[in-house]
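# Survey of secondary and tertiary structure
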Amino acid sequence: MSKRIKSFLMLHVLPPLVYGFLMALRITARVRYVNREAVVNGWNNGENFIFCFWHGRLLMMPFANFRGKGKVLISRHRDGELIARVMGYFRLGSIRGSYRKGTVSSLREIMADLKSGFDVAITPDGPKGPRYQVKDGIVELARLTGKAIIPLTYSASKKKHFSHGIDLSSPILFHGC
């Protein structure tokens, strides 16, 4: 298959299919939110937050966006473009880049979005890992902006693991603290 056709499929055909799949999965799942009262109270008082979740747990995270004013830090790589387009179907904006030393443009955009009232979601272990280890960037971001970091995850009583560590889960349990 030619590179042009693959690119077209990845950028124009696959995002709505992934969105449809996730919506079907969500419809069939029983969801229970745990410890979200503090976040909802903060939103009611005009606060916004830095949300973080592990890179291997990103599949169901768009459903945690019940406020509707959020952006996600997504890599500039080709896979990131697919994720950014899927997030658009969930009415989530994207900040393209990463937060590490030397990527000042992403940091400026994140800080501007937080100042404008958006919630920002970041995977603190990033796609390159090490897995389940928080890098310093998110802590530095919280220090610079004064915004609280809210950890977020989901778990399931029945699930199917795929080869890349992504969980296809039902029912889902979101945690925030």
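Residues numbered from 1 in each chain as written. Predicted model: local features only at pLDDT ≥ 70, side-chain atom pairs only at ≥ 80, totals over all residues. Heavy atoms only, no water.

### Quick word on unusual backbone geometry
Going by this rule: Helix numbering and strand numbering both begin at the N terminus, where a helix is a DSSP run of H or I of at least 4 residues and a strand a DSSP run of E of at least 2. Only protein chains enter the accessibility calculation, which uses a 1.4 Å probe. A residue is then buried if its area is under 20% of the maximum for its type, exposed if over 50%, and partly exposed in between.
At Asn35, a residue that is not glycine, the phi angle is positive and equals roughly 60°. Within the secondary structure, Asn35 sits in the loop between β1 (31-34) and α2 (37-44). You will see that Tyr132, though not glycine, has its phi angle at about 60°, which is positive. With respect to the helices and strands, Tyr132 occurs in the loop between β5 (119-122) and α5 (136-145). Here Tyr132 falls in the partly exposed class, since its relative accessible area comes to 41%.

### Quick notes on the nonpolar core
Nonpolar side chains in soluble globular proteins tend to end up buried together. The cut-off we apply is this: Buried Ala, Val, Leu, Ile, Met, Phe, Trp, Tyr and Cys residues that are joined via side-chain atoms within 4.5 Å together make up what is termed a nonpolar core.
In terms of nonpolar packing, the biggest core is built from 25 residues, with Leu22, Phe51, Met60 and Phe90 touching the most fellow members. Counting only elements with at least two residues in this core, the list comes to α1 (3-28), α2, β3 (70-74), α3 (78-89) and β6 (149-155). Counting residues per element, this core draws most heavily on α3, at four residues.

### Some thoughts on the confidence of the model for the protein
The test is simple: A residue's pLDDT is the predictor's confidence in that residue, given on a scale from 0 to 100. Residues count as neighbours in contact if any of their non-hydrogen atoms are within 4.5 Å of one another.
Averaged over all residues, the pLDDT of the protein is 85; the fraction at 70 or higher stands at 85%. Segment residues 169-177 is flagged for pLDDT under 50; beyond a separation of four residues in sequence, or across chains, it makes 50 contacts in the model.

### A look at the packing of aromatic side chains
Put simply, the rule is: In this analysis, rings of Phe, Tyr and Trp, with Trp reduced to its six-membered ring, are considered paired at centre separations within 6.5 Å, and the interplanar angle assigns stacked below 30 degrees, edge-to-face beyond 60, and tilted for intermediate values. Only lysine NZ and arginine CZ atoms are considered, and such an atom sits over a ring when it is within 6 Å of the ring centre and within 35 degrees of the ring normal.
Inspection of every chain in the model, using the stated rule, returns six aromatic pairs. Judged by centre distance (6.3 Å) and plane angle (55°), the rings of Trp43 and Phe51 are tilted. Note on Trp43: relative accessible area 14%, which makes it buried. Residue class for Phe51 comes out buried when judged on its relative accessible area of 12%. With a centroid separation of 6.1 Å and 70° between ring planes, the pair formed by Phe49 and Phe51 is classed as edge-to-face. The exposure class assigned to Phe49 is buried, which follows from its relative accessible area of 5%. In this structure an aromatic cluster arises from ring pairing among Tyr19, Phe63, Tyr89 and Phe90. Taking NZ or CZ as reference, Arg36 lies 4.4 Å from the ring centre of Tyr33, over its face. Above the ring of Phe118, the side-chain terminus of Lys69 is found at 5.1 Å from the ring centroid.

### Let's talk about α2
We apply this condition: Arc definition: it is the arc formed by the directions from the helix axis to the C-beta atoms.
Here α2 has its buried residues at Val39, Gly42 and Trp43. One face of α2 carries all of its buried residues, which in axial projection span an arc of 100°. Of the residues in α2, the exposed ones pointing more than 90 degrees away from the buried face are Glu37, Ala38 and Asn44. Within two residues after α2, Gly46 carries a phi angle of roughly 85°, on the positive side.

### Some remarks on a nonpolar patch on the surface
Note the cut-off: In this scheme, patches are assembled from residues that exceed 30% relative accessible area and form no salt bridge. Like charges are connected within 9 Å, while nonpolar side chains (Val, Leu, Ile, Met, Phe, Trp, Tyr) are connected within 5 Å. Computed by Shrake-Rupley with a 1.4 Å probe, the accessible areas treat only the displayed protein chains as cover when residues are assessed. Definition used for salt bridges: Asp or Glu carboxyl oxygen within 4 Å of a side-chain nitrogen of Lys or Arg.
A cluster of nonpolar side chains, Met1, Ile5, Phe8, Leu9, Val13, Leu14 and Leu17, forms an exposed patch at the surface whose accessible area comes to about 660 Å². Relative to the helices and strands, Val13 is located in helix α1. Taking the relative accessible area as the measure of exposure, Val13 reaches 33% and is therefore partly exposed.

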